[in-house]
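This is what each chain is made of:
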Amino acid sequence: HESLIRQWQRLQIWVKEEAESAELYRRLEDSARRWEKGQTRLWGTPDLERAQAWRKCEQPTVLWAKRYGVNQGEYFGLAMKFLEESEREQQRVRQDRELEQQRTWRLKSRLQWALGLLVIAGVLTFWAVLERGQAKASEQQAQVEKQKAVQAERERTSNLFESNLTHAALLARLEDYALAKNKLDETRELDSKVSASRHHARNLLVWFSNLKGGTPDGLYH
């Protein structure tokens, strides 16, 4: 009895599995017939995965389909074609998805490169502006230093001119007119760097030294 019960339970399992297998095939066959008429689409997840597992496990044949299909398995070939076309469509969709992912990845990579180049360009632009500002500041500083140098040179020239003029005036007061004239002659090369009023002062002192020293017509022109 125990053996009979075990066999009966196993038979019940087989009957149940066979019924489920037949039900899946009838759904497959029905979808294939409607697909052929343009009334439905190919199978996808999860129906396709179930059908693939069923075909691998059951390995159905025309003889098997005659017991459960319409018109003695007449549409078995169509059902298998439908399943194969569903697999190809799924493969195409998967490939399209992979291509789209690759395009997205390439686009992201290009955007990252573009963003990186933009950042680099921004940094270079900022650096160029900074360098230009520093160069301009350096140029302005150089101009200031140059102006200071020119001003210092003018002051030095003016001081030298005035020093010689003062020295000559002292020599003239001491009646050393010849030496006074020599000192005044040293100021000639500074004429272009001092004002006209100082020329007149020098020329007046030259005239005075010539007059006192007995040398007429000694006035500079």
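If you're wondering where the values come from, they're calculated on a predicted model, not measured in any experiment.

### What to know about a nonpolar patch on the surface
Next up, step 1: On the surface, Trp113, Leu117, Ile120 and Leu124 cluster together into a nonpolar patch covering about 480 Å² of accessible area.
Next up, step 2: One can find Trp113 in helix 4 (residues 76–173).

### A few points about the packing of helix 5 (residues 177–185) against helix 6 (residues 196–213)
Two quantities define a packed helix pair, namely the angle between the axes and the distance from one axis to the other.
Next up, step 1: Where helix 5 meets helix 6, the closest approach of the two axes is 9 Å, and the angle between their N-to-C directions is 155°. With respect to each other, helix 5 and helix 6 are oriented roughly antiparallel. The handedness of the crossing between helix 5 and helix 6 comes out as left-handed. Residues Tyr177, Ala180, Lys181 and Leu184 of helix 5 lie in contact with helix 6, whose contacting residues are Arg202, Leu205, Val206, Phe208, Ser209, Asn210, Lys212 and Gly213.

### Some remarks on the nonpolar core
Next up, step 1: If you look at the biggest cluster of nonpolar residues, it comprises 17 residues, and the most contacted ones within it are Tyr25, Leu28, Trp43, Trp54, Ala79 and Met80.
Next up, step 2: Among the elements of the structure, helix 1 (2–36), helix 2 (47–58), helix 3 (62–68) and helix 4 are those that each provide at least two residues to this core.
Next up, step 3: Per-element accounting of this core gives the leading share, 6 residues, to helix 4.
Next up, step 4: Aside from chain neighbours lying at most four places away, what touches Trp54 is Ser21, Leu24, Tyr25, Leu28, Gln59, Pro60, Trp64 and Met80.
Next up, step 5: Judged by nonpolar contacts, the second largest core, of 12 residues, contains Leu165, Val194, Leu205 and Val206.

### Here we look at the packing of aromatic side chains
Next up, step 1: What the rule picks out here adds up to 7 aromatic pairs.
Next up, step 2: Both rings, one in Trp64 and one in Tyr68, keep their centres 5.0 Å apart while their planes meet at 50°; by these two values the pair is tilted. Here Trp64 pairs with Tyr68, and both are found in helix 3, just 4 residues apart, close to one helical turn.
Next up, step 3: The class of Trp64 is buried, set by a relative accessible area of 10%.
Next up, step 4: Taking the relative accessible area as the measure of exposure, Tyr68 reaches 22% and is therefore partly exposed.
Next up, step 5: Linked through ring pairs, Tyr25, Trp54, Trp64, Tyr68 and Phe76 together constitute an aromatic cluster.
Next up, step 6: Between the NZ or CZ atom of Arg33 and the centre of the ring of Tyr75, over which it lies, the distance is 4.7 Å.

Rules and cut-offs
Residues numbered from 1 in each chain as written. Predicted model: local features only at pLDDT ≥ 70, side-chain atom pairs only at ≥ 80, totals over all residues. Heavy atoms only, no water. Patch = residues over 30% accessible without salt bridge, like charges linked within 9 Å, V, L, I, M, F, W, Y side chains within 5 Å. Areas by Shrake-Rupley, 256 points an atom, 1.4 Å probe, with all protein chains shown as cover. Salt bridge = Lys/Arg side-chain N within 4 Å of Asp/Glu carboxyl O. Helix = DSSP H or I, 4+ residues; strand = E, 2+ residues; numbered from the N terminus. Axes fitted to C-alpha atoms, helices over the stretch in contact; angles between N-to-C directions. Parallel < 35°, antiparallel > 145°, perpendicular 65-115°, else oblique. Left-handed = near helix turned anticlockwise from the far one by under 90°. Contact = heavy atoms within 4.5 Å. Core = buried A, V, L, I, M, F, W, Y, C linked by side-chain atoms within 4.5 Å. Buried < 20%, exposed > 50% of the residue type's maximum accessible area, 1.4 Å probe, protein only. Phe/Tyr/Trp six-rings, centres within 6.5 Å; stacked < 30°, edge-to-face > 60°. Lys NZ or Arg CZ within 6 Å of the ring centre and 35° of its normal.

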